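The primary structure of each chain is shown beneath.
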Amino acid sequence: MEYERLGERRRGVQVPVMQILSAILLLGAIVLGMIELVKFSNTKDDLATDLTVGEIAVGGLSEEEAQARWEAIYLEQPVRLYYEDTLILLDPVNDAGFGVDSEAMLDQARAESSQEQNFWAGFWNYLWRRPVSAVRVPLKPDYDAQDRDQLREFLEVKLAGYDSDGQTPDPAAPEEPARRTYLDIDQALVLIESALRDPEPANREVILPGVVEIDEPPPPQIEAQDTGLEPLEADIRSLIDARGFTSQAGGPIVSVYVLDLETGDELGILENVAHSSVSVVKIPIMINLFRQVLLVSSEPETAYLLTESILCSNNSSSNFLIQRGGLAEGYPVENNQALRVGLRQVSCTAQEIGAERTYISAPLWVTDETLRFEAEVCRPQVAPDTTFDTRPDPYSQTTAADMGFLLTMIYDCAYNNSGLLAVYPDGDITQTECEQMIELLSGNRIDRLIELGVPLDTPVAHKNGW
């Protein structure tokens, strides 16, 4: 038998409650911290919670979601145009060439985000649920002078038929000048460009401004006994001066070429000055197409594209026609090989016929970035008149004399058994094809320009270039 010593107590087993509780709390804090860290990391790629891009709230969204939101508003939401009593829906991308630089806006949003600048500082603010500073990124449009030209062409072509014809206000007073209402293109461009940059639907409506013009009495008609084109030239020069154009450097330039189809008399006013070809280059595109491809019923799609090119001035259709010439020579579509060959064909054909200062070395402007290239083509061997600089398109140029000459060659081929027939005697061009060209050009009815200046029964075969 054992006895405890005097004053000695039996010790029991003690549990370290405080230490265990502290460990549990510490472990819980670590787990909670890790959970919050994971949550924060999962939102790390999201944009700032108080973020506005181009006046559109995109806070807390992923970059893909934010970009889709502002592009849907700016690029897919049409601008409503009201002209007189007509509503026209303008597609920002296809009609105006309008775009947004999404990558640049995303870069700025990332740069100004506190999360992006300091991860742990952002995590600390996230833990304490501290409000983040607001980030405002302005809209960065992808819109330049070439896009503005596309918008201008849309307005001029789309609204050409809505301008009012000149009418005498009082039928009892026919001597009064006629009044004509037409679209103020320059002012319309300013209003539409402002609407394109505004995300609010109510602000994406534009009432197009019209201008009332009082026409001056027409100049006296040239009498039948007049010989040559001297009286006509005097009238044209008077009209040029009256409209504010000039034959001196430093002012707006007008080039004129006229040829009398019966007598062969011609006159020219700065007719060899180089200008941007714009859509009149579709005349040599058409000639080259007839030369390379016989338009028969087996190619209705090509015939349809040609109609769109001439009558609707459609650039995409014209590019397909250029490419069609390259395909006829066996070149593939891949890497734009057929299109490059077609550009060379059009330029060489124009100069071969006699339009010595005309060429096109790049596809006509569309929104497809893969078509922004320059091909090796026949370059003019005859220099244009350098007295004046109209700042012509470096990829597509012509002169008034060149275009007048091409139209004359088509006419002589159709009616005089010469012209293009003399250039291509081996059947590349036929008289029937030239007649078809004139018939097609005669269908280009816009009820403006030269159509208003000739007697009603005068056929007008032309291609406007705007």
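Please refer to the structure higher up on the page.
Residues numbered from 1 in each chain as written. Predicted model: local features only at pLDDT ≥ 70, side-chain atom pairs only at ≥ 80, totals over all residues. Heavy atoms only, no water.

A.B. asks: A description of the sheet that holds strand 2 (residues 56-57) should follow, citing residues and the corresponding values.
C.D. replies: Adjacent strands of a sheet form backbone hydrogen bonds with each other and so pair up, either parallel or antiparallel. Read across the sheet, three strands follow the order 2-1-6 without closing on themselves; strand pairing throughout is mixed. Edge positions in the sheet fall to strand 2 and strand 6 (135-137), since each has one partner strand and no second. Examined bridge by bridge, strand 1 (residues 51-53) and strand 2 share two bridges and lie antiparallel to one another. In the strand pairing of strand 2, Thr52 is matched with Ala57. (Pairing = 2+ DSSP bridges. Helix = DSSP H or I, 4+ residues; strand = E, 2+ residues; numbered from the N terminus.)

A.B. asks: Quick rundown of the state of the cysteines? Include the residues and the values.
C.D. replies: For the coordinates displayed, the defined rule picks out two disulfides. Between Cys348 and Cys378 runs a disulfide, and the two sulfur atoms are separated by 1.7 Å. Between Cys348 and Cys378, the disulfide has an S-S torsion of 70° and is therefore right-handed. Note that Cys348 is positioned in helix 12 (residues 337-353) and Cys378 in the loop between strand 14 (359-360) and strand 15 (396-398), a separation of 30 residues in sequence. A sulfur-sulfur distance of 2.0 Å marks the disulfide that ties Cys413 to Cys434. Measuring the twist about the S-S bond at about 85°, one finds the Cys413-Cys434 disulfide to be right-handed. Here Cys434 lies in helix 15 (residues 431-442) and Cys413 lies in helix 13 (residues 400-415), a separation of 21 residues in the sequence. Across this residue pair, the class does not change: Cys413 and Cys434 are buried. (Disulfide = S-S within 2.5 Å. Buried < 20%, exposed > 50% of the residue type's maximum accessible area, 1.4 Å probe, protein only.)

A.B. asks: With reference to specific residues and values, describe the packing of helix 6 (residues 145-158) against helix 7 (residues 185-196).
C.D. replies: Contact pair helix 6 / helix 7: the axes reach a minimum separation of 10 Å and the direction vectors enclose 120°. When the axes of helix 6 and helix 7 are compared, the pair comes out oblique. Helix 7 is crossed by helix 6, and the crossing has right-handed handedness. On helix 7, the residues that touch Arg148, Leu151, Arg152, Leu155 and Glu156 of helix 6 are Ile185, Asp186, Ala188, Leu189, Val190, Ile192 and Glu193. Here the contact of helix 6 with helix 7 is composed, by residue class, of seven nonpolar, no polar and five charged. (Axes fitted to C-alpha atoms, helices over the stretch in contact; angles between N-to-C directions. Parallel < 35°, antiparallel > 145°, perpendicular 65-115°, else oblique. Left-handed = near helix turned anticlockwise from the far one by under 90°. Contact = heavy atoms within 4.5 Å. Nonpolar A, V, L, I, M, F, W, Y, C, P; charged D, E, K, R; others polar.)

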